[in-house]
Amino acid sequence: MKIAIVGGGFMGLVLAHKISTTTNATVKVIERDSLPGGLSTYHNYGDFTWDKFYHAITPTDTDLIDFLTEIGLEKQIQWRRSLTGFYENKKFHSVSSSLEFLLFPLLGPIDKMRLGYTILKGSRTDDWKSLEKIHVTDWLIKLGGKKTYDKFWAPMLHAKLGENHKKVSAVFIWTYIKRLFKARSSASKKEHMAYVNGGYKTIFDRLEENLKQKGSDLLLDSKVENISPDPNGGMNISYNGTTEHFDKVVFTSPLNVMEKVTAPELYNISKSTKPIDYLGVVCLILVTKKPITPFYVLNIGDNDTPFTGVIGMSSLVDLEETANQHITYFPKYVGQDNELWSKSDEEITADFLKGVKYLYPEFDEADMISSHVHRAFKVQPMQVLNYSEIVPKVNTPHPDFYVLNTSQFVSESVNNNSVVTHVEKFMKSFKSDIESYPEKSIAQ
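What counts, and at which threshold
- Residues numbered from 1 in each chain as written.
- Predicted model: local features only at pLDDT ≥ 70, side-chain atom pairs only at ≥ 80, totals over all residues.
- Heavy atoms only, no water.
- Helix = DSSP H or I, 4+ residues; strand = E, 2+ residues; numbered from the N terminus.
- Rg over C-alpha atoms; globule rule 2.2 N^0.38 Å.
- Buried < 20%, exposed > 50% of the residue type's maximum accessible area, 1.4 Å probe, protein only.
- Contact = heavy atoms within 4.5 Å.
- Areas by Shrake-Rupley, 256 points an atom, 1.4 Å probe, with all protein chains shown as cover.
- Lys, Arg positive; Asp, Glu negative; His and termini not counted.
- Charge placed at Lys NZ, Arg CZ, Asp CG, Glu CD.
- Expected span 1.5 Å × (residues − 1).
- Bend = angle between axes of the 7 residues up to and from the residue.
- Polar contact = N/O pair within 3.5 Å; in protein donor to acceptor, adjacent residues only side chain to side chain.
- Axes fitted to C-alpha atoms, helices over the stretch in contact; angles between N-to-C directions.
- Parallel < 35°, antiparallel > 145°, perpendicular 65-115°, else oblique.
- Left-handed = near helix turned anticlockwise from the far one by under 90°.
- Nonpolar A, V, L, I, M, F, W, Y, C, P; charged D, E, K, R; others polar.
- Phe/Tyr/Trp six-rings, centres within 6.5 Å; stacked < 30°, edge-to-face > 60°.
- Core = buried A, V, L, I, M, F, W, Y, C linked by side-chain atoms within 4.5 Å.

The name given to the protein in an unreviewed UniProt entry is Protoporphyrinogen oxidase, and the organism recorded there is Zobellia uliginosa.

What follows is the structure in structure tokens.
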């Protein structure tokens, strides 16, 4: 059986691996970009290659960790202590251990107790449907109080969502608590995160190698032009000026792309009166001779910087990975109508460097080895109030056409552990479809 996967992002490649290793089918992944991985792809920073955007593995990412073990990369997972910082009133505060949490100067004893209660409540809550009916600010203030919200939660929300945090439901912070606040080891009570030696390039290289060993393939620089049903069964895909027949097609790219290239009779998308708002990111990456920040994540409690947080990747990743150079990410999360999208890389670099110097007056541009600006227009849908009721639902009436993408995440944050979980759930029914597929229908 020949199966096509449209989209070579992390989801498409995880799915391709699962199909090629658990069934007798061969897979062809068709990706329009020159590199695999989508939002998880990598970039050449000059003397080293590392992730285009920042990624880390937490102890709660069990499905992702199991998957890395499955593809033989368990020994490449490197656990390190990670530091979290808060910046407010021109002061830096570390909240990277239980002791530092207790000593956090921005909150009094009662506020800290209420903060602890909020985290405990969130980590033990399973009913996400009730949470999507209440605004994130209202939920956090109800549980932890106004001061706790202003001093602790607001900077964190701002770091991840910018001004868009005013739109989302409590589901967003609930997923955040579920994943990140369990990142502390029970033994040391200190935060730990991990990375894979070589970054996500190592993962994608291994997946591509495994696909080839199974007789499957990853096609890059290949733009799908049309997907249509074959009268004799299966699907036809036109790409790069050729047309190829497949027994089944799984579409993992965004829905707006699918609507442009797919025959209308292959799907039905429920339309909502409310459009889905997507959050994008514009990120400045600095490669420097000296470290800029000791924290892996710095949450910023004021609005005096053009970026919404600081990610000190070199505080987590060994310098051997980055040619003894330090790499720091300065992301700004914005909506699709933000004026930042129209600015040039040079303008963004100049604006963001002013913010770097504001936070770190000792920063010297002479220490810069290189700077890079990366953009992603659609990082994740905004989980607004009652999001599950307005998210498009895709029905695929054709038995050989499937849709699997992040638009189906209604109670999960968009991260690679959730992607693996989503693929695992999909494979349970998809394998049954493959096993029951009529032998005479299989493409020759």
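Okay, back to it.
Asks: Quick rundown of the overall build of the protein? Include the residues and the values.
Replies: Summing up its helical and strand segments, the protein has 13 helices and 21 strands in all. In terms of C-alpha radius of gyration, the protein reaches 23 Å, essentially the compact-globule figure of 22 Å for 444 residues. Projected onto the principal axes, the alpha-carbon positions of the protein cover approximately 70 × 50 × 45 Å. A buried classification covers 57% of the 444 residues belonging to the protein. If you take every contact in the protein between residues at least 6 apart in sequence, the share linking residues at least 24 apart comes to 74%. Only carbon and sulfur atoms are counted for the fraction: they give 51% of the accessible area of the protein, which is about 19,300 Å². Of note, the protein has its 51 positive side-chain charges centred 6 Å away from the centre of its 53 negative side-chain charges.

Asks: Kindly report on helix α13 (residues 416-435), identifying the contributing residues and their values.
Replies: Taking 1.5 Å as the rise per residue, α13 with 20 residues should run 28 Å; its terminal C-alpha atoms sit 28 Å apart, in good agreement. Its axis deflected by about 35 degrees at Met427, α13 carries its strongest bend there. Looking only at α13, the buried set comprises Asn416, Asn417, Ser418, Val419, Val420, Thr421, His422, Val423, Phe426, Met427, Phe430 and Ile434. Buried residues along α13 sit against β1 (2-6), α1 (10-22), α2 (62-70), α9 (200-213), β13 (248-251) and β21 (401-403). With a side-chain oxygen lying 3.0 Å from the backbone nitrogen of Asn417, the N-terminal cap of α13 falls on Asn415.

Asks: How would you sum up the packing of α1 against α13? Please name residues and give values.
Replies: Between α1 and α13, whose axes approach to 9 Å, the crossing angle comes to 40 degrees. In this view, α1 runs oblique relative to α13, as classed from their interaxial angle. The interaxial crossing formed by α1 with α13 has right-handed handedness. Residues Phe10, Met11, Val14, Leu15, Lys18, Ile19 and Thr22 of α1 pack against Asn416, Val419, Val420, His422, Val423, Glu424, Phe426, Met427, Phe430 and Lys431 of α13. Here the residues of the contact of α1 with α13 sort into 11 nonpolar, three polar and three charged.

Asks: Talk me through the packing of aromatic side chains; I want residue IDs and the actual numbers.
Replies: Counted by the stated rule, this structure contains 20 aromatic pairs. With 5.8 Å between their ring centres and 80 degrees between their planes, Phe10 and Tyr200 make a pair best called edge-to-face. Taken together, the positions of Phe10 in helix α1 and Tyr200 in helix α9 put the pair 190 residues apart, joining distant regions of the chain. Overall, the relative accessible area of 3% leaves Phe10 in the buried class. The class of Tyr200 is buried, set by a relative accessible area of 8%. Plain terms: the ring middles of Tyr402 and Phe426 are 5.9 Å apart, the flat faces sit at 90 degrees to each other, and that makes the pair edge-to-face. Here the residue Tyr402 occupies a position in strand β21, and Phe426 occupies one in helix α13, the gap between them amounting to 24 residues. Assigned by exposure class, Tyr402 and Phe426 land together as buried.

Asks: Tell me about the nonpolar core, residues and numbers included.
Replies: In this structure, Trp153, Ile173, Tyr296, Met313 and Tyr329 are the most contacted members of the largest nonpolar core, which totals 61 residues. Sequence-distant contacts of Ile173, defined by excluding residues within four places in its chain, comprise Val136, Trp139, Leu140, Trp153 and Leu157. Core analysis: the next-biggest nonpolar cluster, separate from the first, contains 42 residues, Met1, Ala16, Ile65 and Phe67 among them.

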